[in-house]
Amino acid sequence: MHFNNELLFNKYAKQQFFSGAKVLEIGPQGSPSIYQNLAANTDLDWWSLDIVEGFAGKENPKFIYSKELYNYPVQDNSFDIVFSGGVMCNVGEVWTWMAELKRIVKPGGLIITITPVSWPYANAPIDCWRIYPDGMKAVNNFLSLHTIHCSVEGLELEHFGYDKKLVDSHNIKIPYVSVAGYDNSRKMSAINKQKMAVNKVLNRFPFIRRYLNPVHHAIDTICIAKKVN
């Protein structure tokens, strides 16, 4: 994952995790996961599931190992929230997978996904999808899930204090990886700081805005869908 995932989670998803909720995270990173720590609610009944047998958190009594991608060893209507961050891109049959998430979430429960749009090809072990809100809404409609929120956003530059008009300049960014890079440092890289300093000056002059420096800028889709029946 990259920093934009965390920013999207904090902006849209965090408030959905109510006290006492039973949560299943698909494909967590670490134990506790980054998102579990971001939720910052010790009253959550947080479970995790992975198809990777060697997952580091498998000793956790609330870890579920599944041999199958589309048929989890979980009873119907078991969880209030099913969450995944950076998983859907590595799922071949998104429609089948989302149907399985619908099966295990309770009626009235939520399926929350954060999916990379700008991430480069990464076969882990496969890499299949970069999906926009229209695509997510189409899957939700197909499965009779109600879309509560769905957007594609990059929040990193604004997080680091850059004016929205500058951030929205289409020639300022190349949607690729992250402002903060790969290392999850949550700090803007030195080269991007230098580029943005120059861009702030160039952006004042309409005739030379075309020469703004391209800056790595992650974009991801976040979707919150509700199981209505």
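Quick caveat, the model's predicted, so the values are computed rather than measured. (Residues numbered from 1 in each chain as written. Predicted model: local features only at pLDDT ≥ 70, side-chain atom pairs only at ≥ 80, totals over all residues. Heavy atoms only, no water.)

Colleague: How do you make sense of the overall build of the chain when you look at a structure like this?
Modeller: Of regular secondary structure, the chain possesses 7 helices and 9 strands. Scaling as 2.2 N^0.38, a compact globule of 229 residues should have a C-alpha radius of gyration of about 17 Å, and the chain matches this with 19 Å. A buried classification covers 47% of the 229 residues belonging to the chain. Total accessible area on the chain is roughly 11300 Å²; 54% of this is exposed by carbon and sulfur atoms. The averaged location of the 21 negative side-chain charges in the chain is 8 Å from the averaged location of its 24 positive side-chain charges. (Helix = DSSP H or I, 4+ residues; strand = E, 2+ residues; numbered from the N terminus. Rg over C-alpha atoms; globule rule 2.2 N^0.38 Å. Buried < 20%, exposed > 50% of the residue type's maximum accessible area, 1.4 Å probe, protein only. Areas by Shrake-Rupley, 256 points an atom, 1.4 Å probe, with all protein chains shown as cover. Lys, Arg positive; Asp, Glu negative; His and termini not counted. Charge placed at Lys NZ, Arg CZ, Asp CG, Glu CD.)

Colleague: Sorry if this is basic, but what is going on with the side chain of Thr113 here?
Modeller: Of note, Thr113 is situated in strand β5 (residues 105-116). Leave out the neighbours within four places in its chain, and Thr113 touches Ser84, Met88, Trp97, Met98, Met136, Thr221, Ile222 and Cys223. (Contact = heavy atoms within 4.5 Å.)

Colleague: Which parts of the structure should I look at to understand the packing of aromatic side chains?
Modeller: The geometry of an aromatic ring pair is captured by the separation of the ring centres together with the interplanar angle, meaning the angle of the planes. Under the criterion given, the structure shown has 8 aromatic pairs. Their ring planes at 65° and their centres at 4.7 Å tell us that Tyr35 and Phe83 sit as a pair that is edge-to-face. Here Phe83 lies in strand β4 (residues 79-85) and Tyr35 lies in helix α2 (residues 34-39), a separation of 48 residues in the sequence. Tyr35 gets classed as buried once you look at its relative accessible area, which sits at 3%. Three or more aromatic residues link up through ring pairs in this structure, and these residues are Phe9, Phe17, Tyr35, Trp46 and Phe83. The side chain of Lys22 reaches across the aromatic face of Phe79, ending 4.9 Å from its centre. (Phe/Tyr/Trp six-rings, centres within 6.5 Å; stacked < 30°, edge-to-face > 60°. Lys NZ or Arg CZ within 6 Å of the ring centre and 35° of its normal.)

Colleague: Is there a simple way to explain the pattern of salt bridges in this structure?
Modeller: Any two side chains of opposite charge can pair, so long as their charged atoms come close to each other. Across all of its chains, the model carries 6 salt bridges by this definition. Note that Asp45 is salt-bridged to Lys62, the shortest N-O span being 2.6 Å. Of this pair, Asp45 sits in strand β2 (residues 45-50) while Lys62 sits in the loop between β2 and β3 (63-65), placing them 17 residues apart in sequence. Judged by its relative accessible area of 23%, Asp45 is partly exposed. Residue classification places Lys62 among the partly exposed positions, given a relative accessible area of 31%. Residue Arg130 is joined to Asp127 by a salt bridge in which the shortest nitrogen-to-oxygen separation is 2.8 Å. (Salt bridge = Lys/Arg side-chain N within 4 Å of Asp/Glu carboxyl O.)

Colleague: Looking at this structure, I do not really get the side chain of Ser84. What am I missing?
Modeller: As for its position among the elements, Ser84 is in strand β4. Overall, the relative accessible area of 1% leaves Ser84 in the buried class. Once residues within four sequence positions are removed from consideration, Ser84 is found in contact with Ile26, Trp97, Ile112, Thr113 and Ile114.

Colleague: How do you make sense of helix α1 (residues 3-13) when you look at a structure like this?
Modeller: Counting along an α-helix, one turn takes 3.6 residues, and residues three or four places apart therefore face a common direction. In terms of burial, α1 is largely enclosed, as 9 of its 11 residues are buried. Those residues of α1 lying buried are Phe3, Asn4, Asn5, Glu6, Leu7, Leu8, Phe9, Tyr12 and Ala13. Against the buried residues of α1 lie α2, β4, β5, β6 (145-153), α5 (156-159) and β9 (220-227).

Colleague: Explain unusual backbone geometry to me, please; I cannot follow it from the model alone.
Modeller: Here the phi dihedral of Ala40 falls at roughly 50°; this positive angle occurs in a residue that is not glycine. As for its placement among the helices and strands, Ala40 is situated in the loop between α2 and β2. A relative accessible area of 59% places Ala40 in the exposed class. Phi at Ser144 takes a positive value of approximately 60°, unusual for a residue other than glycine. Turning to its location among the elements, Ser144 is positioned in the loop between α4 (133-142) and β6.

Colleague: Explanation requested: the nonpolar core in the structure shown.
Modeller: Generally speaking, a soluble globular protein has its nonpolar side chains buried in company with each other. Counting 26 residues, the largest nonpolar core has Ile26, Tyr72, Trp97, Met98 and Leu101 as the members making the most contacts within it. The set of elements that each furnish at least two residues to this core consists of β1 (22-26), β4, α3 (94-104), β5, α4, β6 and β9. The biggest single contributor to this core is α3, with 5 residues. Leu38, Leu44, Ile112 and Ile114 belong to the second largest nonpolar core, which has 23 residues in total. (Core = buried A, V, L, I, M, F, W, Y, C linked by side-chain atoms within 4.5 Å.)

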